[in-house]
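One-letter residues, chain by chain:
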Amino acid sequence: MMKKKSIPASKPFLILFLCQIISALDVPLDSKLLEELSQPPTITHQSPKDYIVDPRENIVIQCEAKGKPPPSFSWTRNGTHFDIDKDAQVTMKPNSGTLVVNIMNGGKAEAYEGVYQCTARNERGAAISNNIVIRPSRSPLWTKEKLEPHQVREGDSLVLHCRPPVGLPPPIIFWMDNAFQRLPQSERVSQGLNGDLYFSNVQPEDTREDYICYARFNHTQTIQQKQPISVKVFSMDSLNDTIAANLSDTDIYGAKPVTERQPVLLTPTGSTSTKVELRGNVLLLECIAAGLPTPVIRWIKEGGELPANRTFFENFKKTLKIIDVSEADSGNYKCIARNTLGSVHHVISVTVKAAPYWITAPRNLVLSPGEDGTLICRANGNPKPSISWLANGVPIAIAPEDPSRKVDGDTIIFSHVQERSSAVYQCNASNEYGYLLANAFVNVLAEPPRILTPANKLYQVIADSPALLDCAYFGSPKPEIEWFKGVKGSILRGNEYVFHDNGTLEIPVAQKDSTGTYTCVARNELGKIQNEVRLEIKDPTMIIKQPEYKVVQRYGQVSFECIIKHDSTLLPTVIWLKDNDELPDDERFLVGKDNLTIMNVTDKDDGTYTCIVNTTLDSVSASAVLTVVAAPPTPAIIYARPNPPFDLELTGQLERSIELSWIPGDENNSPITHFVIEYEDGLHEPGVWHYQTEVPGTQTTVQLKLSPYVNYSFRVVAVNKIGRSQPSEPSEQYLTKSASPDENPANVQGIGSEPDNLVITWESLKGFQSNGPGLQYKVSWRQKDVDDEWTSVIVANVSKYIVSGTPTFVPYEIKVQALNDLGYAPEPSEVIGHSGEDLPMVAPGNVQVHVINSTLAKVHWDPVPLKTVRGHLQGYKVYYWKVQSLSRRSRRHVEKNILTFRGNKTFGMLPGLEPYSSYKLNVRVVNGKGEGPASPDKLFKTPEGVPSSPSYLKITNPTLDSLTLEWGSPTHPNGVLTSYILKFQPINNTHELGPLVEIRIPANESSLILKNLNYSTRYKFYFNAQTSVGSGSQITEEAVTIMDEAMASRQVDIATQGWFIGLMCAVALLILILLIVCFIRRNKGGKYPVKEKEDAHADPEIQPMKEDDGTFGEYSDAEDHKPLKKGSRTPSDRTVKKEDSDDSLVDYGEGVNGQFNEDGSFIGQYSGKKEKEPAEGNESSEAPSPVNAMNSFV
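Residues numbered from 1 in each chain as written. Predicted model: local features only at pLDDT ≥ 70, side-chain atom pairs only at ≥ 80, totals over all residues. Heavy atoms only, no water.

## Section: the overall build of the protein chain
The secondary structure content of the protein chain amounts to eight helices and 86 strands. Within the protein chain, buried positions represent 40% of all 1194 residues. For the protein chain, the proportion of contacts with a sequence separation of at least 24, taken over those separated by at least 6, is 65%. (Helix = DSSP H or I, 4+ residues; strand = E, 2+ residues; numbered from the N terminus. Buried < 20%, exposed > 50% of the residue type's maximum accessible area, 1.4 Å probe, protein only. Contact = heavy atoms within 4.5 Å.)

Here's what the structure looks like:
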């Protein structure tokens, strides 16, 4: 019996439409055929409906059409015939309907503004274009206006208006400065959709004189510039400085600090607005708010969610953008502007209308004489569009009558058409937002059959594969197709053939005996034609020796075989791959006719090798794994992963269980430890294998638990100590029956996102957990502790539902139950959730402060009623700040400190306070939404404390017996200073401290001169301040008094006198003579008179040169004329008393080159030996004093 593919017609509604499909002819896209057949005109190209042209360039209005014979063209303008021959500026392109208006040679674009329509006509009908509205683009200049400078207080909002000129098309707006740099925008400063520049709050850095709005008209490539706008922001700091310069220290001054403000919407105004957008367009909604701190914008859709993948946020989330909008996007959109002080919202009611859009556009209809057909024109829109028909560009009501035509609303029914019924019909669907116009022709043809498939075409097919023999044809009426095998063979019939509507003969399973010549015959009432094609059946390509799994030792050799068998008339090509990629470019890989050999194997050669055999008709492949192992010291048994199990069988099929059995593969010298059973769900996750269970290696059957509504396939993997085998071939599929869900969603929660809603969320069930088609969820809720019924709603397979209009922060009982087409899951458990929180209503009362000491206070408050918290109580926040110090002027900038106390605490400690200061504090309750109102500010004062150390201590103007001390008052007095305490003591050469002297100094002093000190002596000073509480920390310094500079100066003067120099020379000469005499007398062995005299009259005060160490004795000062006594060396304590010696180094011929530092320390450098003294405390490093130099000299 002949088998033919067709579409069943089961409903009466479809009969007429199917008649069109079955009766209408499809004209094949054969160029030769198309050139020979008559065809009504078809518009192939036209200008857009709304055509904005550049007024500086020629206007080209396109209209291209095809048809047989070629169509002629005509135009209308504003509904009347447009005679282009009478306008020298207008020409029509040859063999085209495209008009060219010559503007560049004197024409004006404004003169050709209007509505144009093109008509393409031949003997079989007329097609028309859309109404093409021609408008020249416009880029007008900015109107002159006087722009006053904007003077704004810091923190206030500001809007700079752009008001660009009205152009065609509308311009693109942007703001720049005089240097043509775009002005930076942020959450605080941004440009609105109308081009205005909005400041949520102004800052000092916003001051500038070159805010310039630019309008770019893309069509004419021109940019217009608005006059610069000047903005000056008055900073509170600069204003305070100006006031402070004109007031005394005791005056209270200062402008109010920048005030934080709740958000206020700058645009749109009011609490609600409306917006109408067309289907398919981009919906842009905007909210810009003022406030300090800068508000943050958030968008929600009431009663639903913003559409995924089509929603975008722009301009720092101030603009909501939804692309490709549809009627489902209608609804209320709420923007919420929020900062730390509060929030404001605006609801925009969006209505999506729709210009007409096609549901079924009319299609060209090719009919044979006497046939029936229909043209269907169906469109939708909002509002519903009206449908009207035209015939050859004329309304069908006034078009020439055609007895074969009947109009029925959106359908034209043709019955028993004739060749004169050929025409082009236009369907116009229009509403208030636009129109659609479609041309569809009815072409009545009487054509004998034609076969378009080339004659004697050869088809080659692999045995046991389908064979498709083409017989492309055309004719009118539609020809009948018959197939024969051989020149005189009988007509082909039977189940072994499939006859397609397009004339193709299909042999589903071609065998060797299918080879031969096949004849296709096409006939209709106007004629008959036939064509022959040839079919050859080829043997399939096979790999008769496949590559096998190999284990080879490192540096060994391995070979994979790939022996093939193929049809002798086909030329095969063999390709080898490694891990699905080309073989490495390495001479070690040798590809033979039927093998691949790898020489000197390395670890990198480990992998999967595939042999692919290709012919022009088929392709086969086979793979094998190569494992590279280290060479064993002695020959050993080769262990490998097991071969995969095979012959999987399913038995004992039940609704929730099945038995799986298999045959194990080769163990490869390593026993199988266990089998892993995996399953695939072909219904929900095809191609993904999941772990099911595992059994011991001795077991080859397992009872498996199943879930409903899953299309199971199983496979088994064997495991030994070497590794896992390849998976077995999948078992046959087993589809379990559907059932109601066994479980409900997990992690059900109810948390409000707004004060008037409850957001219920849950984890959706996985695909196989659905147990059946049509998975949905029943969401139920009711207010807790209220005698109320459950409210339920059934939602699609989602994971969230928003309940609107709830009271603020009340508990709800919530449950979510799964269901599908077969029923409900078990009754779910209830969870407790809460509707959205709102800011607390009241502030804590009875705030009390107990000052514990000068740096610590304890604050108490009464808890607020839980009903007024309106949310989860998180704790209390204490804001406290220093108002002023009682000992000095207040700070202009108040820094607030915040301490948070978790839970329902009613007290807290305030550490780190500054003594002797006034503080204020307030307390606020905190919930999950934020902070409540603040309690009234509470003023408290801290008592005095001990002061900090003086800010500095400087010692200047050292003299022989005095030092000057200067100091700065403590940075933190921490009270009223009562006095300063100065202690000092001398330090000797061994750093031993002398007696300590204490002096009390009035608090209003800042310097002191210490007198009656020892000259050339180091002193250490200790200095601190006192309040009534006690003494503060001390600061230390060291300094040195100086030597007698006048005396040193006089001695230097004597040493430079001529008589003194002469005297010293005479003395030296006398000593030289005495030495010579002594030397002579010593050599003679006698005593000279002087020596004898000295021996007889030994004077203990006269010390000659010492014979033991070769040094001279000491000499007295030139003015004292007192000889030094023999025992006048430095005492053991290495100090010299003032009354014992006033000598200086000048007396001993030593020069002095010294000076004093600014702090009075002596930095002179002496030729005598130095003694270094370590620095201690705050003392500075100094040169040794003159006394020390003298001590070291002797």
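## Regarding the environment of lysine 896
Tracing the sequence through the fold places lysine 896 in the loop between strand S75 (875–885) and strand S76 (897–902). As for lysine 896 and lysine 920, which are separated by 24 residues in sequence, their C-alpha atoms are 9.6 Å apart. In this structure, lysine 896 is in contact with Tyr880 and Trp881, ignoring residues within four places of it in sequence.

## Quick word on the nonpolar core
With 30 residues, the main nonpolar core has Ile59, Ile61, Trp75 and Ile134 as its most contacted residues. Of all the secondary structure elements, the ones that give two or more residues to this core are strand S3 (50–53), strand S4 (59–61), strand S5 (63–68), strand S6 (72–77), strand S9 (99–101), strand S10 (114–122) and strand S12 (132–136). Counting residues per element, this core draws most heavily on S10, which supplies three residues. One finds Ala467, Ile507, Tyr518 and Ile537 within the second-largest nonpolar core, a separate group that totals 20 residues. (Core = buried A, V, L, I, M, F, W, Y, C linked by side-chain atoms within 4.5 Å.)

## Considerations on the state of the cysteines
Two cysteines whose sulfur atoms are joined by a covalent bond form what is called a disulfide. By the definition in use, this model includes six disulfides. Two residues, cysteine 162 and cysteine 213, share a disulfide whose sulfurs are 1.9 Å apart. Every disulfide takes its handedness from the sign of the S-S torsion; for cysteine 162 and cysteine 213 that torsion is -65 degrees, giving left-handed. Here cysteine 162, found in the loop between strand S14 (158–160) and strand S15 (172–176), pairs with cysteine 213, found in strand S18 (residues 208–217); they are 51 residues apart in sequence, far enough to count as distant. Residues cysteine 162 and cysteine 213 agree in their burial class; the two are buried. Residue cysteine 377 pairs covalently with cysteine 427 via a disulfide, S to S 1.7 Å. A torsion of -65 degrees about the S-S bond marks the disulfide between cysteine 377 and cysteine 427 as left-handed. Here the residue cysteine 377 occupies a position in the loop between strand S31 (373–376) and strand S32 (378–382), and cysteine 427 occupies one in strand S37 (residues 423–431), the gap between them amounting to 50 residues. In the protein chain, the bonded cysteines, numbered by position in the sequence, are linked as 1-2, 3-4, 5-6, 7-8, 9-10, 11-12. (Disulfide = S-S within 2.5 Å.)

## Digging into the sheet that holds strand S34 (residues 394–395)
Read across the sheet, five strands follow the order S30-S38-S37-S33-S34 without closing on themselves; strand pairing throughout is mixed. Looking along the sheet, the strands with just one partner apiece sit at the ends: strand S30 (365–367) and S34. Where S30 and strand S38 (residues 434–444) come together, three bridges link them in parallel fashion. Residue valine 366 lies in a different strand from S38, and its bridge partner there is asparagine 443. (Pairing = 2+ DSSP bridges.)

## Overview of a nonpolar patch on the surface
Taken together, the side chains of Leu1069, Leu1072, Ile1073, Ile1076, Val1077, Phe1079 and Ile1080 define a hydrophobic patch exposed on the protein surface, amounting to about 650 Å² of accessible area. Along the polypeptide, leucine 1069 turns up in helix H6 (residues 1058–1084). (Patch = residues over 30% accessible without salt bridge, like charges linked within 9 Å, V, L, I, M, F, W, Y side chains within 5 Å. Areas by Shrake-Rupley, 256 points an atom, 1.4 Å probe, with all protein chains shown as cover. Salt bridge = Lys/Arg side-chain N within 4 Å of Asp/Glu carboxyl O.)

## Let's talk about the sheet that holds strand S16 (residues 189–191)
Strand order in this open sheet of three strands is S14-S17-S16, and the pairing throughout is antiparallel. Each of the sheet's edge strands pairs with one partner strand only, and the pair in question is S14 and S16. On average, each strand axis in the sheet is tilted by 15 degrees relative to the strand beside it, whichever way the strands run. With three bridges joining them, S16 and strand S17 (residues 197–199) adopt antiparallel strand pairing. From the neighbouring strand, valine 189 faces S17, where its bridge partner is phenylalanine 199. (Axes fitted to C-alpha atoms, helices over the stretch in contact; angles between N-to-C directions.)

## Topic: the packing of aromatic side chains
Under the criterion given, the structure shown has 21 aromatic pairs. Residues tyrosine 712 and phenylalanine 714 carry aromatic rings whose centres are separated by 5.4 Å and whose planes lie at 5 degrees to one another, so their mutual orientation is stacked. On the basis of relative accessibility, which here comes to 0%, the residue phenylalanine 714 falls in the buried class. Joined through ring pairs, the aromatic side chains of Phe174, Phe180 and Tyr214 make up one cluster. When the ring centre of tyrosine 435 is taken as reference, the NZ or CZ atom of lysine 49 above it lies at 4.0 Å. Just above the ring of tyrosine 357 sits the side chain of arginine 279; from NZ or CZ to the centre is 3.6 Å. (Phe/Tyr/Trp six-rings, centres within 6.5 Å; stacked < 30°, edge-to-face > 60°. Lys NZ or Arg CZ within 6 Å of the ring centre and 35° of its normal.)

## Looking at the confidence of the model for the protein chain
The predicted model of the protein chain has a mean per-residue pLDDT of 84, with 84% of residues at 70 or higher. Contacts from residues 247–255, a stretch scored under 50 in pLDDT, to residues over four places away or in other chains number 14 contacts. Note that residues 1086–1194 has pLDDT below 50 and, in this model, 128 contacts with residues that lie over four places away or in other chains. (pLDDT = per-residue confidence, 0-100.)

## Examining the pattern of salt bridges
Enumeration according to the criterion identifies 39 salt bridges in this entry. Among the salt bridges present, the one from aspartate 50 reaches arginine 135, with a minimum N-O distance of 2.8 Å. Placement of aspartate 50 in strand S3 and of arginine 135 in strand S12 is noted, with a sequence separation of 85 residues between them. Look at aspartate 50 and you get partly exposed, because its relative accessible area is 44%. In this structure, the salt-bridge partner of arginine 208 is aspartate 210, at a minimum N-O distance of 2.7 Å. The exposure class assigned to aspartate 210 is buried, which follows from its relative accessible area of 12%.

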